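# Summary of structural features
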Amino acid sequence: MAIDREVYLDNAATTYCNGEVFYAMQPYFITNYGNPNSLHQIGYTAREAIENARASVAKIINADPDEIYFTSGATEANNWVLKGIVAASPIKRVLVSAIEHPSITETARWLTENGVEVDYIKVDENGIISIPDLLAKLSKPTCLVSVMTANHEVGTVQYINTIANICSKNNVYFHTDATQALESVHINVKEMQITALSLSGHKIYGPKGVGVLYLKRGTPIETFIHGGYQENGMRAGTYNLPAIVGLGKAVEICMRDGNTNNTRMKQLRDYLIKEIEAKIPGVKLNGHRTQRLNNNVNFSFQGISGESITAMLDTMGICASTGTASTSEMLSRSYVLQAIGVNDDYINGAVRFTLGRATTKEDLDYTVACLVNVVKKLRALSPINIKTEVSENV
Ligand code: PMP
């Protein structure tokens, strides 16, 4: 049966490419296709476009343009910053939070296998970093702390300012993965004393396959991608010119429209939370209720699996996810939900709805109406008798 309705609520996995971004990129495929390193007119035009994009990215986080390095995405930026800072430091110890994206946790695992000590900072039941735990773990010599600005799964936004301040006082480098947070959270790397920060194009209505590592000037780091002399010899490889232009445009749009988008998104987010809690019994909001991304709603539905819910919603034209795009193929327990202590009854039943610029209130009303039916059906089919527990929860 064909569904004529599409409701895309998976904007944390990726966003559509904004039309203005697309049209800004277009000439750089066809007419201004030069290699930014070439010493002729077409090359200079390309170089100028790269430097304009660099200036826009620098501006949104209050960095200097020479502190911005273009990468293939946040995964590369995260790999580079962890491996590169440790390699350049005599102190072979890093701290990461227990709920980082796999591009940090898997890199940390690789570091462990290669002789680096990695310790994991605890989070509370809302996903907020434990400051006492951070302080205790900083009592041993450490070269780098990495804590994401906002979590990709449950949307919790960290008190980055406080964490960065503590690191600075302890003479430890501080990196934050701001991939999910650029539009929602105001970041000022200079004021906040942030050493390094990762970004990605395709979470902010830009193209896929492009990202950024901001690195404070003078921070010792080993090169990660060796080759030509691009990015001052720090990151080799011919520039992905159209994508970098697109990223620059996407950032400009965030700066131009961010306030309006955030106000609207937050209202829609709170509306969806209210509606789900009012209409469906046996639900638990994952992540912090207010200290969360403006577009993130993550609920666990007691006694049923998130995979069954998203599969049924998909047949109704609703695109949601159980967590990250990277793990949605696997029916494994979310380490993020484990770290925040979600109990057995709820841990398999998480669904993440991430709203976007195109989301409307009507989309959310349709989603809630479908969700009410889906949850009812799945609970009726469930071999576990959860009905009494559910009614006690109402
Ligand atoms: N960090 C976070 C928090 C993310 O959500 C993602 C993408 N899911 C990444 C890093 C990886 O970004 P990219 O796709 O640009 O490699």
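Residues numbered from 1 in each chain as written. Predicted model: local features only at pLDDT ≥ 70, side-chain atom pairs only at ≥ 80, totals over all residues. Heavy atoms only, no water.

## Comments concerning the overall build of the protein
When its secondary structure is counted, the protein shows 14 helices and twelve strands. Its C-alpha atoms give the protein a radius of gyration of 22 Å, near enough to 21 Å, the size a compact globule of 394 residues would have. Dimensions of the protein, computed from the C-alpha atoms along their principal axes, are close to 70 × 55 × 35 Å. Buried positions account for 57% of the 394 residues belonging to the protein. Within the protein, counting contacts between residues at least 6 apart in sequence, those at least 24 apart form 74% of the total. Counting only carbon and sulfur atoms, one obtains 54% of the accessible surface of the protein, whose full area is about 16,900 Å². The distance from the centre of the 36 positive side-chain charges to the centre of the 39 negative ones in the protein is 2 Å. (Helix = DSSP H or I, 4+ residues; strand = E, 2+ residues; numbered from the N terminus. Rg over C-alpha atoms; globule rule 2.2 N^0.38 Å. Buried < 20%, exposed > 50% of the residue type's maximum accessible area, 1.4 Å probe, protein only. Contact = heavy atoms within 4.5 Å. Areas by Shrake-Rupley, 256 points an atom, 1.4 Å probe, with all protein chains shown as cover. Lys, Arg positive; Asp, Glu negative; His and termini not counted. Charge placed at Lys NZ, Arg CZ, Asp CG, Glu CD.)

## Let's talk about the packing of helix α4 (residues 74–88) against helix α5 (residues 102–113)
Remark: α4 packs on α5, axes separated minimally by 9 Å, with the N-to-C direction vectors making an angle of 30°. With respect to their mutual orientation, α4 and α5 come out roughly parallel. Crossing of α4 against α5: the hand is right-handed. Between α4 and α5, the residues in contact are Thr75, Asn78, Asn79, Leu82, Lys83 and Val86 and Ser103, Ile104, Thr107, Ala108, Trp110 and Leu111, respectively. (Axes fitted to C-alpha atoms, helices over the stretch in contact; angles between N-to-C directions. Parallel < 35°, antiparallel > 145°, perpendicular 65-115°, else oblique. Left-handed = near helix turned anticlockwise from the far one by under 90°.)

## Some points on the pairing of strand β4 (residues 117–121)
The pairing of strand β3 (residues 93–97) with β4 spans five bridges and is classified as parallel. Each bridged residue has a counterpart across the sheet, and for Val94 the counterpart in β4 is Val118. (Pairing = 2+ DSSP bridges.)

## Side note on the site of the ligand
As a matter of local geometry, the ligand sits amid 14 residues, with Thr75, Asp177, Gln180, Ser200 and Lys203 nearest to it. The side chain of Thr75 places a nitrogen or oxygen atom 2.5 Å from an oxygen atom of the ligand. In this structure, a nitrogen atom belonging to the ligand sits 2.6 Å away from a side-chain N or O atom of Asp177. Here the ligand has 400 Å² of accessible area as a free molecule, and 88% of this is covered by the chains. Residue contributions to the shell around the ligand peak at three residues, all from α4. Split into classes, the residues belonging to the shell around the ligand amount to two nonpolar, ten polar and two charged. (Near = heavy atom within 4 Å. Polar contact = N/O pair within 3.5 Å; in protein donor to acceptor, adjacent residues only side chain to side chain. Nonpolar A, V, L, I, M, F, W, Y, C, P; charged D, E, K, R; others polar.)

## Concerning the side chain of Gln180
In this structure, Gln180 sits in the loop between β6 (173–177) and α8 (189–192). Judged by its relative accessible area of 16%, Gln180 is buried. Polar side-chain contacts of Gln180 include one of 3.0 Å to the backbone oxygen of Ala12. Ignoring any residue separated from it by four or fewer positions in sequence, one finds Gln180 in contact with Ala12, Ala150, His152, Lys203 and Leu293.

## Here we look at the side chain of Gln158
For Gln158, the position within the fold is in the loop between β5 (144–146) and α7 (160–169). Since its relative accessible area comes to 5%, Gln158 is described here as buried. In this structure the side chain of Gln158 is engaged in a polar contact, spanning 2.9 Å, whose partner is the backbone nitrogen of Ile129. Once you skip the residues sitting within four places of it in the chain, Gln158 turns out to touch Ile99, Gly127, Ile128, Ile129, Val147, Met148, Thr149, Ile163 and Gln291.

Any link to function would need more than the numbers given here.
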